[in-house]
Amino acid sequence: MMRKKAILITGASGEIGQALISSLSETSSLPILTLDLHPIPKDLLDVCTHISGDILDQKLLARLVTEFDFELIFHLAALLSTRSEFSPELAHQVNVDGTLALLQVAAEQSQRRGAPVTFIFPSSIAAYGMPDLGTKARDRSVKEWQWNNPTTMYGCNKLYCEHLGIYYSKYYQQLSASRPVMLDFRSLRFPGLISAYTVPSGGTTDYGPEMLHAAAQGKPYACFVREDSVLPFMAMPDAVTALLELASAPAESLHHSVYNVTSFSLSAADFRDQVARAFPDTRITFEPDLKRQGIVDSWPAELDDQAARRDWGWSPAYDLHRAFNEYLVPNIHKRYQR
Ligand code: NAD
Ligand code: SER
């Protein structure tokens, strides 16, 4: 049977997936196959073929391999950080076993087609673990190899999967007589992402977008971290641009497998001020949850994304000002007015 060429997006019904499908369908001539436990919004069904299923379902993956020839895989399916702390073993299954299963799919397909499948993996600031707030303030902007001491199950999963991806792209079956064609693994470490069109759930950076979406609906919001908590953030269109640019970067220009990307860093109080400027009637209070606070304190204040800028020309289009004034506020406003 002739396999159909396609791009695969796992976790496609999530925040990034929904944004990615729209952009990818405008630029790619290949059919897009999406896989998620949940359905995707109806308006996206015109531009992709959706399969409702579990990435841990080996039979389903085996069927996909026989039907499709994937050139590119965006493996987005995961349990996010807060959710993972409530179900760490399940998180390990989805985040690690699921990634391993997809890497095996990509390895097998690379071998069969005699050309590497490009495998894009979104990692996270959670791969870092700052030992204390003094270090977080001092080593404000971290490089990819610094402070790789995650304190969450999600962070451990992400860091390990970065290594698994590198293994499958460089060392897989390294002792066999004939080396297989390796897959092409590329990973981004994202900061907290903020979308105007979807609301996050299960993450620890969620207080930023939650504040904004609550205010736009005229609802009060109690922020679960201290006012002085600083994290890096990025607007969703930049996250999609980063995924697409990394996927299409020439292999010879990439000197690393894992790249930090970021846009702006701000404290929770600064976030509140931005939101209050746009929605003056908003009521935002601070009621820190000490456990989630501990996770935020362990994540760096800034990401050093020099390598991405140098190797594949990364540059976010939305700085703090543009993100709020041109993307988030007008679109969120419209969304809730409707
Ligand atoms: P999300 O929670 O909105 O989406 C994840 C999707 O994965 C969900 O639709 C969920 O149904 C699906 N999923 C979970 N388990 C699955 C399974 N077993 N089989 C099939 N599908 C399954 O998250 P998102 O924000 O869209 O994140 C996508 C990816 O980007 C994740 O890997 C996440 O770790 C990473 N990331 C996100 C952020 C962020 O701030 N949103 C930051 C860094 C990294
Ligand atoms: N936004 C994500 C989370 O908080 C970071 O990867 O889990």
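Just so it is clear, the structure is predicted and the values come from calculations on it, not from any experiment.

Caption draft 1: Geometry of the site of ligand 2. Neighbouring ligand 2 are Leu-80, Ser-81, Ser-124, Tyr-154, Gly-203, Thr-204, Thr-205 and Trp-299. At a separation of 2.6 Å, an oxygen atom of ligand 2 approaches a polar backbone atom of Thr-204. Contact distances for ligand 2 include 2.7 Å between a nitrogen atom and a side-chain N or O atom of Thr-205. For ligand 2, whose accessible area on its own is 230 Å², the fraction buried by protein is 90%. Of the residues assigned to the shell around ligand 2, the class counts are three nonpolar, five polar and no charged.

Caption draft 2: Region of interest: the sheet that holds strand 11 (residues 258-260). Strand order in this open sheet of seven strands is 3-2-1-4-5-7-11, and the pairing throughout is parallel. Here the strands that pair on one side only, and so sit at the sheet edges, are strand 3 (49-52) and strand 11. Each adjacent strand pair in this sheet contributes to an overall mean axis angle of 25°, direction not counted. With three bridges joining them, strand 4 (residues 68-75) and strand 5 (residues 118-124) adopt parallel strand pairing. Bridged to Phe-74 within strand 5 is Ile-120. The strands that helix 4 (residues 88-113) touches are strand 1 (4-10), strand 4, strand 5 and strand 7 (184-190); relative to strand 4, the one it contacts most, it runs at about 145°.

Caption draft 3: Summary view of the nonpolar core. Formed by 75 residues in total, the largest nonpolar core has its most connected members in Phe-74, Phe-190, Tyr-207 and Trp-312. The element that contributes the greatest number of residues to this core is helix 8 (residues 236-248), accounting for seven residues. If near-sequence neighbours (up to four positions away) are discounted, Trp-312 is found in contact with Leu-188, Ala-242, Glu-245, Leu-246, Ala-249, Leu-254, Tyr-259 and Val-261. If you look at the next biggest cluster of nonpolar residues, it comprises 32 residues, including Val-117, Phe-121, Leu-183 and Phe-185.

Caption draft 4: Representation of the packing of helix 4 against helix 6 (residues 153-170) within the structure. For the pair helix 4 and helix 6, the least separation of the axes is 10 Å and the interaxial angle reads 15°. With respect to helix 6, the element helix 4 is oriented roughly parallel. Of the two elements, helix 4 crosses helix 6, and the hand of that crossing is right-handed. Where helix 4 abuts helix 6, its residues Pro-88, Ala-91, His-92, Asn-95, Val-96, Thr-99, Leu-100, Leu-103, Gln-104 and Ala-107 lie against Met-153, Tyr-154, Asn-157, Tyr-160, Cys-161, Leu-164, Gly-165 and Tyr-168. Class assignment of the residues belonging to the contact of helix 4 with helix 6 gives a composition of 12 nonpolar, six polar and no charged.

Caption draft 5: Up close: the sheet that holds strand 10 (residues 230-235). Pairing is mixed in the open sheet, where three strands are placed in the order 8-10-12. Either end of the sheet is taken by a strand with one partner, and the two such strands are strand 8 (192-194) and strand 12 (264-267). Going from strand to strand, the sheet's axes swing by 45° on average, the running direction of each strand aside. With three bridges joining them, strand 8 and strand 10 adopt parallel strand pairing. Within strand 10, the residue paired with Ile-194 across the bridge is Ala-235. Across the sheet, helix 9 (residues 268-278) touches strand 8, strand 10 and strand 12, and the angle it forms with strand 12 is around 95°.

Caption draft 6: Focus on unusual backbone geometry. Phi at Trp-147 is positive, roughly 50°, even though this residue is not glycine. Relative to the elements of secondary structure, Trp-147 occurs in the loop between strand 6 (141-142) and helix 6. What makes Trp-147 partly exposed here is its relative accessible area of 28%. The phi torsion at Gln-173 lies on the positive side, around 55°, for a residue other than glycine. Note on placement: Gln-173 falls in the loop between helix 6 and strand 7.

Caption draft 7: Expanded view of the environment of Glu-15. Secondary-structure assignment places Glu-15 in helix 1 (residues 15-27). Separated by 184 residues in sequence, Glu-15 and Val-199 have C-alpha atoms that sit 7.5 Å apart. Excluding residues within four positions of it along the chain, Glu-15 makes contact with Ser-195, Thr-198, Val-199, Pro-200 and Met-236.

Caption draft 8: Just the site of ligand 1, in detail. Around ligand 1, 25 residues are found, and the nearest of them are Ile-16, Asp-36, Asp-54, Tyr-154 and Lys-158. A distance of 2.9 Å separates an oxygen atom of ligand 1 from a polar atom in the backbone of Leu-76. Contact with the protein chains hides 92% of the accessible area of ligand 1, taken as 820 Å² for the molecule alone. Elements with a contribution of two residues or more to the shell around ligand 1: helix 1, strand 5, helix 6 and strand 8. Sort the elements by how many residues they give to the shell around ligand 1 and strand 5 lands first, with three residues. Here the shell around ligand 1 is built from residues that sort into 13 nonpolar, eight polar and four charged.

What counts and how
Residues numbered from 1 in each chain as written. Chains lettered and ligands numbered in written order. Predicted model: local features only at pLDDT ≥ 70, side-chain atom pairs only at ≥ 80, totals over all residues. Heavy atoms only, no water. Near = heavy atom within 4 Å. Polar contact = N/O pair within 3.5 Å; in protein donor to acceptor, adjacent residues only side chain to side chain. Areas by Shrake-Rupley, 256 points an atom, 1.4 Å probe, with all protein chains shown as cover. Nonpolar A, V, L, I, M, F, W, Y, C, P; charged D, E, K, R; others polar. Pairing = 2+ DSSP bridges. Helix = DSSP H or I, 4+ residues; strand = E, 2+ residues; numbered from the N terminus. Axes fitted to C-alpha atoms, helices over the stretch in contact; angles between N-to-C directions. Contact = heavy atoms within 4.5 Å. Core = buried A, V, L, I, M, F, W, Y, C linked by side-chain atoms within 4.5 Å. Buried < 20%, exposed > 50% of the residue type's maximum accessible area, 1.4 Å probe, protein only. Parallel < 35°, antiparallel > 145°, perpendicular 65-115°, else oblique. Left-handed = near helix turned anticlockwise from the far one by under 90°.

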